[in-house]
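This is what each chain is made of:
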Amino acid sequence: MDAEAETRNLDKILIKNLVVKNVTGVDSWQRLKSQPVVISVWLYTDITAAGNSDIVTNSIHYGHVTKAITKLAETSSFKSIEALGHAILKVCCVDFGAVRTTVRLEQPKALLHAAAAGVQLSRTRKDFDGVNDGTVETLGDKSGLGVEDMVFVKDLRLSTIIGVNPWEREEKQVVLINLTVYPSKLLFPGSDNSKSHHMRTMVRMLTRHIESSGYKTVEAFAVAVARIAIEKCHVNKIRVRLEKPSAILFADASGIEVTRDRHWLNSVLEEEKRTQRHLAHYDNVVTKTVPSNYNETAFIAFGGNMGDRVANIYKALDMLETECEAVVVDTSFLYETPPMYYTEQPPFLNGVCRIATALGPHELLKKLKSIEEALGRKASFRNAPRPVDLDILFYNDLVLDLETLTIPHPSIQEREFVLWPLCDIAQDMEHPKFYKTCGQLLSQLLKVSAEKEEGCAKIDKVIPVMSETLWRWKEKTYIMGILNTTPDSFSDGGSYGSIDRAVEAAERMKSEGADIIDIGGMSTRPGADDQFPVEQEIERVVPVIQRLRERGFDLPISVDTFRADVAEAAIAAGANMINDISGGSRDPRMLEVMAKTKAPVCLMHMRGDAKTMMRKENTTYENDDAVEDVTRQLHHLVEQAIAAGVPRWNIIIDPGIGFAKTTKQDIDILRRLEEMVNSPESNLAGFPSLMGPSRKKFIGNLTGVSEANKRTYGTAAAVAASIAGGANVVRVHDVRAMWEVAQVCDSVWKQKT
């Protein structure tokens, strides 16, 4: 007989909305302090004897229960509100003899933008049969009531674009979201899914998605929220209730309620795979393929300051995959940081990666130490210089404090050189001991550092453009000189057809202030032929690169191509960067080559090809908003590159001025560039950007200058606008003139004191 049948004819004793003070996790500001908890309890029992005799001792005395719960809550601390709930269940079922107990706990101050968060749990007396005195939490498998366990968020109040009417597409409106998660493992016995996210972490992830979304229907909205919770936050089952208070004039709200579980997600994934079409609630995130037995997630900090720092880091990451039964799933940006603790040593290069692994924490630590040793680290004094250093920052949500291993790493909160890269890939992840996110830990550390006499550490985000040659993105705007070895480029076609003339041009651009030379063997101007044989493109590019390197040319060289074979040959000949106008999308081998060569890459946005990119279908953007659409599509290209193994620090993004864009759209991108690349809300925030407005058609349209090589003044204005908007690299024909423009612009917008 199930618990419902056993307790159907029992009476219930109710304690409603008992308010106690208790330390259960942290409050809405992540402070570990006492906060109000509202408790309601239903005790199932038979009150017949008390009802017949009018003697209170013949029943469960609610006053005694209230005192016991109050004493328990206010004299003990609990790691979570669930733990307090389980303790109350045990008191009611074991100490007071209730046949069944249901407890509902709410924390009104748990989340900043919600009315409350809480849990509801039910157990029977037999769930505690055979359980030792020290055990409080039970699965509820004996009664079967564990499947009804709930964790909920009440009235999460957010603002987003939602609706089909034109006025609803213009302005964000308030939505109320109620979430009920069913966390029990009994729902899917034998499931090997990762442990679900902490509710606070889940709410942060959902909030970020909701506030940046723009669904037309509440149906797609609600299902998308459910899908993210199951697919990304690893919950087994969730109920989502969504309300629009402003939708109907004479009603409090309109809305929808949906319940979805892992079975539903599996059927959706199968349908999307079968139809090769993503449904409206698909969250367009590309991830690296991971073997099924790599079930553990760890964040590894890496760094070094001896020898070839960049090469050592690449070797360490490669060995993580070959020696540690692991896949590097994501990487941070790369930072050059001053030494800490022992300061009489060279600066470090630091970063963080997220790995999926089959190894346990102790075995993983052992492998990391063997990698350090293999790469030349030797026993020395603490915090001494080293070729490479590998530390486990987090391992799932494990908390471990042993002499040989402490997880999370005990010094995370005091190290800017760890927190900056960690926040690139795990800003919203909550530290399981401090109850603060990584982003909050960094903000707290920066505030404390700013108040010290020495101030914050000088930490530079960098890209290794050549071996031990770093570009520091905050330092200046870098000038990319254009060198087309083509007969038909729109501005300088045929000017550098011979190797000697091309080499001479590269040397001249270097003397004029170029930081890198971009060599291209194919014209991608509108209407150009981009289908000629790959061998011909290689013949135009590779000999020039070889000759430059033979002459000791010491600037970085990028190759402008969307063909993997050309990129591979150019890198082998001495090029350092791949500049792909298709963002790695036109050649199926390109992302593989980008990852294998470990070269910095520029991912540009475009649609169609040289012959079709200016057709109406390719210059028409969703909601007539090229900036938003280009940002979204560039982010997808970035995700694909990272999933292919390209380190985040090697990626530069290019909105693609003049490619599949009208003059108005080019201007919109220039005007809103800062929003695209520097806004914290942008998916591209943090990525360095390249702009290539030089001599483009939109400048001719605006100025009336029809000859491309005479558009220098218009180009100067576009370059200035690009730098003002946050561009890190400008790709130009007139190097000296644009170098002068950059010098002035950097003095205004970058070199602030």
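Everything numeric in this text was worked out from a predicted model, so none of it was measured.

### Looking at the side chain of threonine 477
With respect to the helices and strands, the residue threonine 477 is situated in the loop between β17 (469-472) and β18 (478-484). Threonine 477 gets classed as buried once you look at its relative accessible area, which sits at 2%. A polar atom in the side chain of threonine 477 sits 2.6 Å from the side chain of aspartate 746. A polar contact of 3.1 Å, which involves the side chain of threonine 477, links it to the side chain of lysine 750. Leaving out residues up to four positions away in the same chain, threonine 477 has contacts with Asp515, Ile723, Ala727, Asn728, Val729, Val730, Ala742, Asp746 and Lys750.

### A short note on helix α8 (residues 309-323)
End to end, α8 covers 20 Å across 15 residues, agreeing with the expected 21 Å (1.5 Å per residue, within 8%). Note on α8: the residue one or two positions beyond its end, glutamate 325, has a positive phi of about 45°.

### Points about the environment of valine 388
Here valine 388 shows up in the loop between α9 (361-374) and β13 (389-395). The spacing of valine 388 and glutamate 211 is 177 residues in sequence and 40 Å in space, taken between C-alpha atoms.

### Focus on the pattern of salt bridges
Counting across every chain of the model gives 39 salt bridges. Salt-bridge contacts for aspartate 668 lead to arginine 671; the nearest nitrogen and oxygen are separated by 3.1 Å. Placement of the pair is aspartate 668 and arginine 671 together in helix α17 (residues 663-671), with a separation of three residues, close to one helical turn. The salt bridge partner of lysine 710 is glutamate 707, with a shortest N-O separation of 3.4 Å. Owing to a relative accessible area of 53%, lysine 710 belongs among the exposed residues under this scheme.

### Quick word on the sheet that holds strand β19 (residues 516-520)
Across the sheet, eight strands lie side by side as β23-β22-β21-β20-β19-β18-β25-β24; this open sheet has parallel pairing. Whereas interior strands pair on both sides, the edge strands pair on one side only; in this sheet they are β23 (651-654) and β24 (690-691). Where strand β20 (residues 557-560) lies against strand β21 (residues 577-580), three bridges are found, and the strand directions are parallel. Its bridge partner being in β21, valine 559 is matched across the sheet by isoleucine 578. Where helix α21 (residues 735-749) meets the sheet, its contacts fall on β18 and β25 (729-732), and the angle it forms with β18 comes to roughly 165°.

### Quick look at the nonpolar core
Leu483, Ile517, Ile519, Ile578 and Ile651 are the most contacted members of the largest nonpolar core, which has 84 residues in total. Looking at this core element by element, the count peaks at eight residues for helix α16 (residues 626-643).

### Considering empty space enclosed by the protein
One pass over the structure, following the stated rule, counts one cavity of 30 Å³ or more. By volume, the largest cavity amounts to about 40 Å³. Here the residues of the lining of the largest cavity sort into three nonpolar, two polar and two charged.

### Some thoughts on the layout of surface pockets
In this structure, the second largest pocket spans a volume of roughly 730 Å³. Those elements that place two or more of their residues in the lining of the second largest pocket are β9 (296-304), β12 (348-357), α9, β13 and α10 (416-426). Split by residue class, the lining of the second largest pocket holds 15 nonpolar, 11 polar and eight charged.

### Topic: the environment of glutamine 531
Its location among the elements puts glutamine 531 in the loop between β19 and α13 (534-550). Sequence-wise, glutamine 531 and aspartate 95 are 436 residues apart; in three dimensions their C-alpha atoms are separated by 81 Å. Ignoring sequence-local partners within four residues, the contact set of glutamine 531 consists of Arg563, Arg586 and Asp609.

### Digging into the packing of aromatic side chains
Evaluated as defined, the whole model comprises nine aromatic pairs. Note on tryptophan 471 and tryptophan 473: the rings are 5.9 Å apart at their centroids and 80° apart in plane angle, and the pair reads as edge-to-face. In terms of burial, tryptophan 471 and tryptophan 473 fall into one category: buried. Between the aromatic rings of tryptophan 471 and tyrosine 478, the centroid separation amounts to 4.3 Å while the plane-to-plane angle is 10°, which identifies the pairing as stacked. Across the pair, tyrosine 478 and tryptophan 471 agree in class, each one buried. Taken together, the ring pairs connect Phe302, Tyr314 and Trp649 into an aromatic cluster. Taking NZ or CZ as reference, lysine 510 lies 5.8 Å from the ring centre of phenylalanine 553, over its face. In this structure, arginine 563 packs its charged tip against the face of phenylalanine 532, placed 5.3 Å from the ring centre.

Conventions adopted
Residues numbered from 1 in each chain as written. Predicted model: local features only at pLDDT ≥ 70, side-chain atom pairs only at ≥ 80, totals over all residues. Heavy atoms only, no water. Helix = DSSP H or I, 4+ residues; strand = E, 2+ residues; numbered from the N terminus. Buried < 20%, exposed > 50% of the residue type's maximum accessible area, 1.4 Å probe, protein only. Polar contact = N/O pair within 3.5 Å; in protein donor to acceptor, adjacent residues only side chain to side chain. Contact = heavy atoms within 4.5 Å. Expected span 1.5 Å × (residues − 1). Salt bridge = Lys/Arg side-chain N within 4 Å of Asp/Glu carboxyl O. Pairing = 2+ DSSP bridges. Axes fitted to C-alpha atoms, helices over the stretch in contact; angles between N-to-C directions. Core = buried A, V, L, I, M, F, W, Y, C linked by side-chain atoms within 4.5 Å. 1 Å grid on protein atoms, 1.4 Å probe; cavity = no way out; pocket = protein on both sides within 12 Å on 5 of 7 lines; lining within 4 Å. Points joined across faces, edges and corners; volume = space filled by probe spheres on them. Nonpolar A, V, L, I, M, F, W, Y, C, P; charged D, E, K, R; others polar. Phe/Tyr/Trp six-rings, centres within 6.5 Å; stacked < 30°, edge-to-face > 60°. Lys NZ or Arg CZ within 6 Å of the ring centre and 35° of its normal.

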